[in-house]
Amino acid sequence: MSLQFQNDCGDSVKLAIIEELQNLLSSNTNVLQEAEKRTKQLEYTEGYGVYLSEIIMNQSHELPLRQIAIVMLTRYVENHWTEEDLKTDKANSCMASEQAKRTIRNILPNGLYDPNSKIRSSVAHTISTIASTDYPQCWTELFDIIVKCLGGNEDSIHGAMQVLQDFTYDVEQIKELGPVVIPEVYRIFDSEQNYSIKTRVSAIRILKPLFTSIAALITNKQEQATMMNSILNNFMDKLLHYLSMTSGAGSNFLLRSEIIKVFTHVVSECSKYINPFMERILPIIWQLLTQIAETYVKVSVNQTEPNPLPSGDNEDDDEQTNFQTLIIQILEFINCIVTCGKLRGCIKNVLADLIYITIVYIQLSEEQLEDWQEDPEKFVDDEDDGGVELTVRMCGRDVLLAINDEFEAKAIQPLQEALGRHFSVAEAEKAANNPNWWKIQEACMDAVHIFRDIILEGDSKFDLLNYLTIVRNLLVHQESPHLVGRALWTLSTYSKSELYNPQMVAEILDVTLCSLSPEKTHILRISAVRTLHGFLLANESTEGEKRTLLVSKLPGFFDGIMALVSGCKATVLALLMEALTVMVQFDADFAYAVNGKITPLAIAVFLKYAEDPYVLENVQDLIKALCQRKQCLVLLQEKFIPTIVSILGLPETNNTEKQDIALDVLNTIVKYTEPPLSSALLDTAFPAVLNCLVHTDDHAVMLAGGECLRSFINVSPAQICSYQNGEGGNCIMQVVAAVLLNPMNSEMTAAGQIGRLVIAIITKMGSMLGPNVDILLKAVISKMQNLECLKVIMNLVLIFAHLFLTQMDAVLNFLSTVPGPNGEPAMQFVLSNWLSRQNSFFGMYERKVTTMALCKLFEYGVATQDNRLTSITYKELVEDPSDARRRTRSVAAANLKWTTIPALVKIFKVLMSEYQHFQESKMDEPLTDTDEEDAEAEEDEADEDEATSLAKSRFISDLYVEFDKDNVEDDLLLKELLKETNYTGDIAENLQKFLTNFTQNEHFPSFYEHLNEAERLILLNKVQQQK
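Rules behind the numbers
Residues numbered from 1 in each chain as written. Predicted model: local features only at pLDDT ≥ 70, side-chain atom pairs only at ≥ 80, totals over all residues. Heavy atoms only, no water. Helix = DSSP H or I, 4+ residues; strand = E, 2+ residues; numbered from the N terminus. Buried < 20%, exposed > 50% of the residue type's maximum accessible area, 1.4 Å probe, protein only. Areas by Shrake-Rupley, 256 points an atom, 1.4 Å probe, with all protein chains shown as cover. Contact = heavy atoms within 4.5 Å. Phe/Tyr/Trp six-rings, centres within 6.5 Å; stacked < 30°, edge-to-face > 60°. Lys NZ or Arg CZ within 6 Å of the ring centre and 35° of its normal. Core = buried A, V, L, I, M, F, W, Y, C linked by side-chain atoms within 4.5 Å. Salt bridge = Lys/Arg side-chain N within 4 Å of Asp/Glu carboxyl O. Expected span 1.5 Å × (residues − 1). Axes fitted to C-alpha atoms, helices over the stretch in contact; angles between N-to-C directions. Parallel < 35°, antiparallel > 145°, perpendicular 65-115°, else oblique. Left-handed = near helix turned anticlockwise from the far one by under 90°. Nonpolar A, V, L, I, M, F, W, Y, C, P; charged D, E, K, R; others polar. Patch = residues over 30% accessible without salt bridge, like charges linked within 9 Å, V, L, I, M, F, W, Y side chains within 5 Å. Lys, Arg positive; Asp, Glu negative; His and termini not counted. Charge placed at Lys NZ, Arg CZ, Asp CG, Glu CD. Polar contact = N/O pair within 3.5 Å; in protein donor to acceptor, adjacent residues only side chain to side chain. pLDDT = per-residue confidence, 0-100.

**Here's the deal with the overall build of the protein**
Of the regular secondary structure elements, the protein holds 53 helices and two strands. Among the 1027 residues that make up the protein, the fraction classed as buried is 54%. Accessible surface, the protein: about 45600 Å² in total, of which carbon and sulfur atoms supply 49%.

**Describing helix 17 (residues 351–361)**
Counted residue by residue, helix 17 has ten buried out of eleven residues, so it is predominantly covered. Taken residue by residue, helix 17 has Leu351, Ala352, Leu354, Ile355, Tyr356, Ile357, Thr358, Ile359, Val360 and Tyr361 as its buried positions. Lining the buried residues of helix 17 we find helix 15 (278–301), helix 16 (319–339), helix 20 (392–407), helix 21 (412–431) and helix 22 (438–450).

**Re the packing of aromatic side chains**
Inspection of every chain in the model, using the stated rule, returns 24 aromatic pairs. Judged by centre distance (5.6 Å) and plane angle (70 degrees), the ring pair of Phe462 and Tyr467 falls under edge-to-face. On the basis of relative accessibility, which here comes to 12%, the residue Phe462 falls in the buried class. Feature note: the residues Phe858, Phe908, Phe994, Phe998, Phe1004, Phe1007 and Tyr1008 constitute an aromatic cluster, connected by ring pairs. In this structure, Arg547 packs its charged tip against the face of Phe586, placed 4.1 Å from the ring centre.

**Notes on the nonpolar core**
Core analysis: the biggest nonpolar cluster contains 357 residues, and Ile403, Phe712, Phe800 and Phe804 have the highest contact counts within it. The element best represented in this core is helix 29 (residues 570–586), accounting for 13 residues. What Ile403 contacts, discounting residues up to four positions off in sequence, is Val338, Leu351, Leu354, Ile355, Glu408, Ala411 and Phe451.

**A word on the pattern of salt bridges**
The full count for this structure, using the stated rule, is 39 salt bridges. One salt bridge in this structure joins Arg393 and Glu442, with 3.0 Å as the shortest N-O distance. With Arg393 in helix 20 and Glu442 in helix 22, the pair connects residues that are 49 residues apart, well separated along the chain. Residue Arg393 is classed as buried on the basis of its relative accessible area of 4%. One salt bridge connects Glu707 with Arg710, and the closest N-O pair in it is separated by 3.0 Å. Of this pair, Glu707 and Arg710 both sit in helix 35 (residues 699–715), three residues apart, which is roughly one turn of the helix. Judged by its relative accessible area of 7%, Arg710 falls in the buried class. Each of the salt bridges in this network shares a partner with another, and the network as a whole consists of Glu383, Arg393, Arg397, Glu442, Asp446 and Arg486.

**Concerning helix 22**
Its 13 residues place the ends of helix 22 19 Å apart at the C-alpha level, agreeing with the 18 Å of an ideal helix rising 1.5 Å per residue. Counting buried positions over the 13 residues of helix 22 gives twelve, a clear majority of the element. Buried within helix 22 are the following residues: Trp438, Lys439, Ile440, Gln441, Glu442, Ala443, Cys444, Met445, Asp446, Ala447, Val448 and Ile450.

**What to know about unusual backbone geometry**
In this chain, Tyr135 is followed by Pro136 through a cis amide linkage whose omega measures 0 degrees. Checked against the element boundaries, Pro136 lands in the loop between helix 7 (117–134) and helix 8 (142–150). Residue Pro675 is joined to Pro676 through a cis peptide bond whose omega torsion reads 0 degrees. On the secondary structure map, Pro676 appears in the loop between helix 33 (659–671) and helix 34 (679–695). In this structure, Asn433 takes a positive phi of about 60 degrees despite not being glycine. Along the chain, Asn433 turns up in the loop between helix 21 and helix 22. Of note in the backbone geometry, Gln865 takes a positive phi value of approximately 50 degrees without being a glycine. Turning to its location among the elements, Gln865 is positioned in the loop between helix 43 (844–864) and helix 44 (867–870).

**Things to note about the environment of Ala225**
Note that Ala225 resides in helix 13 (residues 221–244). On the accessibility criterion, Ala225 (18% relative accessible area) is buried. Sequence separation between Ala225 and Lys272 is 47 residues, and the spatial gap between their C-alpha atoms is 9.4 Å.

**Regarding the environment of Glu279**
Considering the arrangement of structural elements, one finds Glu279 in helix 15. A residue is classified by how much of its surface remains accessible, and Glu279, at 73% relative accessible area, is exposed. Taking the C-alpha atoms as reference, Glu279 lies 8.5 Å from Cys346; in sequence the two are 67 residues apart.

**A look at the packing of helix 35 against helix 37 (residues 728–740)**
At their nearest, the axes of helix 35 and helix 37 sit 12 Å apart, and the two run at 150 degrees to each other. Taken together, the axis directions place helix 35 and helix 37 in an arrangement best described as roughly antiparallel. The way helix 35 lies across helix 37 gives a crossing that is left-handed. For the pair helix 35 and helix 37, contact is made by Met702, Gly706, Leu709 and Ile713 and by Ile732, Val735, Val739 and Leu740, respectively. Of the residues assigned to the contact of helix 35 with helix 37, the class counts are seven nonpolar, one polar and no charged.

**Details of a negative patch on the surface**
On the surface, Glu141, Asp144, Asp170, Glu172 and Glu176 cluster together into a patch of negative charge. Take Glu141: it is sitting in the loop between helix 7 and helix 8.

**Points about the packing of helix 32 (residues 630–649) against helix 34**
Relative orientation of the contacting elements helix 32 and helix 34 amounts to 20 degrees, with a least axis distance of 9 Å. Considered as vectors, helix 32 and helix 34 are oriented roughly parallel to each other. For the pair helix 32 and helix 34, the crossing hand works out as left-handed. Here Gln637, Ile641, Val645 and Leu648 of helix 32 come into contact with helix 34, specifically with Ala680, Leu681, Thr684, Ala685, Ala688, Val689 and Cys692. Here the residues of the contact of helix 32 with helix 34 are counted per class, giving nine nonpolar, two polar and no charged.

**Things to note about the side chain of Glu914**
Here Glu914 shows up in helix 46 (residues 903–923). Looking at Glu914, its side chain comes within polar contact range of the side chain of Arg847, at 2.7 Å. Not counting residues within four places of it along the chain, the set of residues in contact with Glu914 comprises Gln838, Asn839, Arg847, Thr851 and Leu991.

**What to know about the confidence of the model for the protein**
In this model, the protein carries an average pLDDT of 85, and 88% of its residues clear a pLDDT of 70 or more. Confidence, read as mean pLDDT per element, is least for helix 49 (residues 961–966) in the protein (37) and greatest for helix 17 (97). A low-confidence stretch, residues 885–893 (pLDDT under 50), is modelled with eight contacts involving residues beyond four sequence positions or located in other chains. Under a pLDDT of 50 for its full length, residues 925–966 has, in the predicted model, 61 contacts with residues more than four places off or in other chains.

**Digging into the side chain of Thr696**
Position of Thr696 among the secondary structure elements: in the loop between helix 34 and helix 35. Within the structure, Thr696 has its side chain in polar contact with the backbone nitrogen of Asp698 (distance 3.1 Å).

This is the structure in C-alpha cells:
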C-alpha cells in the first residue's frame, strides 16, 4: 500500500472501518442501522477502499468480517469508481482517487490465492467489476495476473477461473485472451489427477460466457465460425469422454451437469455450431437418461433403497443434490433440442421412447408427498402454479409441453404408445402388490393433461374413450388418495365431451362429493374442490340433464367447501374462493340461496388477508360474481359498504387495514352495479371516497380512489352530478384537479388511469360541468410540467388524443387560446411532450388511440392548413451531415444539433415510425415447420435458427396484447372511437393506406424534403411497396 495512506490518522480510520464492519454483522437492528449510516459516511474518507482491501487480505481476521468487507468494497467500486457511477447521487458524489484505485488494483489479486474459496470467489467478482471499466486501458497488467494465476496452485487457478466467469469481454479482449485462456482451460479440465472437481468445473464454466461473447461480438460470420468450431473441435472429445464415464473421479455428477449445461447453451444460442456433433452427443445423453432412471425411481420416487450417494455441505461434495441436478440439466437440454428448429428432427423418430422415459421422471417422489402431507399449501402451489423450486417433475413437464407445442397432433400416436407400455407395467406392479404401483398411473394422467387441447380437437386420433375408462376405474382405489384426486380432476377436465352420459357424470360427482368428507385427507379434499371447479368450467355453457345434475350437487359441495375453510391458509383459501366464484357464476338460484353465508365469508377473508394480493384477487372475483347476480346485490352492499366506509374514515396513523385495498374492493362493487346507484353507494360510499382522497398523501390510495371515482361516473354520471343538490361535479373537480392533478404533488399521483378518469368526466359529465371542463384541462396541462415517468405522460397525453378524435375543433380552440407553462401556446407544449415520446408509449389501447389521434390531427392540418396547427413548431436533434469524420458514439453525440421543423412534419415522421412498429409487431410470429426447413436451407442466413425457436416480444406494447384482448372496456372504447375516424380493422393497414395516399397529396414534397435517408427508405420500401 502507498505510504501516503500510512499514518496515524489512517490507522484510526481503518480501526473505525473494522468497528463498523463488525457492527454490520450484528443481529441488533438498531446497531445495524447505525452501522449502515456510519459506513456511508466512511465511504467518503480518503483510502476507504484501500483499507477495506487490506482487511480482506488479512487472514488473521475472522471470515465473516472479511466477507462483509468484500461486500462493502464491491459496493464502493460500483458507486464511486467512475463519473458514470456518481450520476445517480450527484449531491454526495465522491469518486475514488487514481492513487486509491491503483492501490486497490495492486492489492486485490492477492485474494485470488487465498485458501478460502468464498474469499477467492468474492474477490474475483470485485476484480471483474473493476475490470469492466479499467481493463485494458488502466489495468494493463491484469492479463498477466490472470495468466500467472492459471499457472499457479489450485487455489489461484480457481480464483482466476472465477474472474473469467464474471468477465465482460469486448471484441479485442476475446481475440487477446482467447488464444491464451482456452488452452489453459482445456489443460485444467483434462487434468483429473492434478485438480479437484471444483477447479475443473470452474474451467468448464468459462466456456459459456466465452461462447456468448463470441456470438454477440464477433460480427464477421466466418471469423465467428472459425473461433466457435475451433473451441468445440478441441474440447468435444474430452467433453464426451467425461460425460460418458460411469465410474471414477470423472463420473462426478456436478462435472457432467456442467458439460451438459455448456451443450444446452450452445443449442439455445448458436445451434448451427453444435449440429455436426449431435450424432455423438445424443446417444450419450440418452444412455445417461435411461441408465439413471432406475436409480432415481428406487432412491427418490419410491425410496425402496437407501441413497448410495454421499451428501455434503458444499456443492462439489453433495452428490445427492448433484444427482438431481444432472437429471434436471439433461431434461433442460432435451427441451432445447425439441424447441430448436434445426435440431428437432433428431428426435422425431424416438418420440414414443422420449415421452415414455419423461413420464418416468415426472412421478411423485416420496419427499414431495411428505411435503404435501405436512403442508397442503405446498400441494396447491406445486399443482396449480408449478411451485417455486426447480424440480425433476417440473422439468419433465416442460419437456412434454415443448413436445406438445412443437409436434402437436404428430405427438399423439407416440403418446399413446408410451401410455400403453406404462399402463401394462402398472397393472403388473399392482398384481405383484407393489405399494407404489399407482405413481406411474398418476404421472401418465399428468402427462396426458399437457396434450389435452390437441386431444379435444377431435382429429388427433387419441383413444379418449379407452383412456377415460382406465381413469374412471382408478376411482375405486381409495387407499391411494393422490391417485384418486388426480383421476377425479382428470375426469372433470374432459367432462364437456359427449362421451359423458348422465350416469357417468353422477358417479364421478358422487365420488367427488364423498372425497370432500372431513375424514378424508386434506390432499383428497382439495383435489375434490379442483374437480368441482373443472366440472363447472367445462360445462358453463352446457344445458340439459348434465347441467341439472351439476346444479343439484352444488349445495352438498358448498357445505363441503365451507367445512374446509376453517383452518386453511392463504393459498388453499384462494383456491376455495375461486371455486365458490365459479359456483356463483354457474347458477343464479344457488347464488341467491347461499348469499347469506358467502358474503360474510368474503368480508372475513378480505379483512384477514388484505395484505395478500393473490387471496384478495380471488375475493374481488367472488364479489364481482355476486354483483352480477341482482338478487345478491342488496345484501352484498348492506354488509360490505359499512366495513369499507369505516376503513376509509380511519386516520392514516390508526389505519391498520389498507385504504387502497378497501377502495379496490369498493371499485369492484361499483363497477359491476347496474344503475341507479343505491343510497348506500351514493350517500355513504361516494362521500367517503372523496373525503379519503382529499386527506391522503398515499399514492396507492390516490390511484385506487381515482379508479373508484371513474367507476362511479361510468355507472351513473347524472346521479354523481346531482349529488348534494348539484355539488357532485364540483366535488369531483376538487379531488381530480386539486389532488390528483396538482403539480405540487408527486407526479405519481397521476400514475394510475388518470387519463381514463378525465376522459370519463368529460365524455360522461361534460355537458353538466360547464366551465369546469376548461379548468380540468388546464390542470392536466399544469401537471404535464417536468414529468419523468413515461406512464404518467402517456396517461395525460391520452386525454388530448381522445379529444382530438371526438371534439377536434373545441380542443384546438382550447389549446390555441390557453398559454402553456412557459408562456407558449398550450398546443406547442402538449405536442412537444407528446411527439417526443409517442414511439415509447406502451399498451395496445394507448398506442392505438394516440396513433389514430395523430392521423386525424395530421389529416385535418394538411387539408385545412389551419393556422392553429401550421404555426406550431418542433425542435429535434439531428446529425450534422457536413461532418465527414468516422462515426463513433462520441463523435456522433458531439455533432448532434437542434433544428426546428413544423409540428405537422414531426407528426408525419412519427406516423411512419408507428407504421413500422405495428407492421413489424404483426409480422413477429412463430415460424412453422416448413418455414424452419426453408430457413435451414439458407446457409448464408446464419442466425435464422434462433428466430425459429420462439417468437419473442420485440416491443413493450406486445406484452399487453393478451391482456387487452380480454379487456372488454378497452374494446368498447376503441369501437366508440373508431366511429369518429375513417379507420376500421388492422391499424397497420390503415396507416399504410394513409401514408400512401399522402404521397399523392400536393403538400407531400414540402414534407418529403424534411425526411432523412432512413425515413425515406421506410416510405419507399415499407409503405409504397405494399400498394
